[in-house]
Amino acid sequence: AAAAAGGRFSLGLSGGSLVGILARDLPAAAAGPAAPARWLVAFCDERLVPPEHPESTAGAYKVS
(Lines give C-alpha, C1' and ligand atoms only; values in the text may rest on other atoms or scores of the structure.)
Protein backbone atom coordinates (compact mmCIF):
# COMPACT_ATOMS: atom_id res chain seq x y z
CA ALA A 1 0.00 0.00 0.00
CA ALA A 2 2.85 2.41 0.84
CA ALA A 3 4.52 1.80 -2.51
CA ALA A 4 1.22 2.30 -4.36
CA ALA A 5 0.70 5.62 -2.56
CA GLY A 6 4.15 6.81 -3.65
CA GLY A 7 5.73 6.18 -0.27
CA ARG A 8 8.71 4.16 0.80
CA PHE A 9 8.51 0.52 1.85
CA SER A 10 10.98 -0.51 4.57
CA LEU A 11 12.07 -4.09 5.08
CA GLY A 12 14.37 -5.43 7.81
CA LEU A 13 15.88 -8.78 6.91
CA SER A 14 17.14 -11.31 9.40
CA GLY A 15 19.09 -14.44 8.59
CA GLY A 16 18.55 -18.12 9.30
CA SER A 17 15.80 -19.98 7.48
CA LEU A 18 14.28 -16.67 6.31
CA VAL A 19 17.07 -16.36 3.70
CA GLY A 20 15.82 -19.36 1.70
CA ILE A 21 12.16 -18.37 1.99
CA LEU A 22 12.76 -14.82 0.77
CA ALA A 23 15.18 -15.89 -1.96
CA ARG A 24 12.38 -18.10 -3.30
CA ASP A 25 9.34 -15.83 -2.78
CA LEU A 26 10.54 -12.22 -2.75
CA PRO A 27 11.30 -11.85 -6.49
CA ALA A 28 7.66 -12.58 -7.40
CA ALA A 29 6.41 -10.23 -4.67
CA ALA A 30 8.60 -7.42 -6.04
CA ALA A 31 6.76 -7.31 -9.37
CA GLY A 32 4.12 -4.76 -10.35
CA PRO A 33 3.14 -1.97 -7.95
CA ALA A 34 5.50 -3.32 -5.29
CA ALA A 35 8.59 -2.83 -7.49
CA PRO A 36 11.65 -2.29 -5.28
CA ALA A 37 12.63 1.14 -6.63
CA ARG A 38 11.35 2.79 -3.42
CA TRP A 39 12.30 0.01 -0.98
CA LEU A 40 14.62 0.59 1.93
CA VAL A 41 16.20 -2.74 2.84
CA ALA A 42 18.23 -3.21 6.01
CA PHE A 43 19.99 -6.31 7.28
CA CYS A 44 19.17 -6.94 10.94
CA ASP A 45 22.30 -8.75 12.01
CA GLU A 46 23.66 -9.08 15.50
CA ARG A 47 27.05 -10.16 14.16
CA LEU A 48 29.62 -7.61 13.02
CA VAL A 49 31.35 -9.58 10.28
CA PRO A 50 32.23 -8.79 6.64
CA PRO A 51 29.79 -9.98 3.94
CA GLU A 52 32.22 -12.74 2.91
CA HIS A 53 32.07 -14.32 6.39
CA PRO A 54 29.93 -17.51 6.58
CA GLU A 55 27.81 -16.04 9.41
CA SER A 56 26.98 -12.79 7.59
CA THR A 57 23.28 -12.21 6.96
CA ALA A 58 24.00 -9.89 4.02
CA GLY A 59 26.39 -12.47 2.59
CA ALA A 60 23.77 -15.20 2.93
CA TYR A 61 21.28 -13.19 0.85
CA LYS A 62 23.93 -12.39 -1.75
CA VAL A 63 24.65 -16.11 -2.23
CA SER A 64 20.92 -17.07 -2.43
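These numbers were taken from a predicted model, which means no experiment stands behind them. (Residues numbered from 1 in each chain as written. Predicted model: local features only at pLDDT ≥ 70, side-chain atom pairs only at ≥ 80, totals over all residues. Heavy atoms only, no water.)

Considering all chains together, one arrives at one salt bridge under this definition. For Asp-25, the salt bridge identified is with Arg-24, shortest N-O distance 2.9 Å. Overall, the relative accessible area of 37% leaves Asp-25 in the partly exposed class. Overall, Arg-24 belongs to the exposed group, its relative accessible area being 58%. (Salt bridge = Lys/Arg side-chain N within 4 Å of Asp/Glu carboxyl O. Buried < 20%, exposed > 50% of the residue type's maximum accessible area, 1.4 Å probe, protein only.)

What follows deals with the confidence of the model for the protein. Within the protein, residue pLDDT values average 77, and 81% of them lie at 70 or more. Per-element mean pLDDT across the protein ranges from 79 in helix H2 (residues 57-63) up to 82 in helix H1 (residues 18-29). (pLDDT = per-residue confidence, 0-100. Helix = DSSP H or I, 4+ residues; strand = E, 2+ residues; numbered from the N terminus.)

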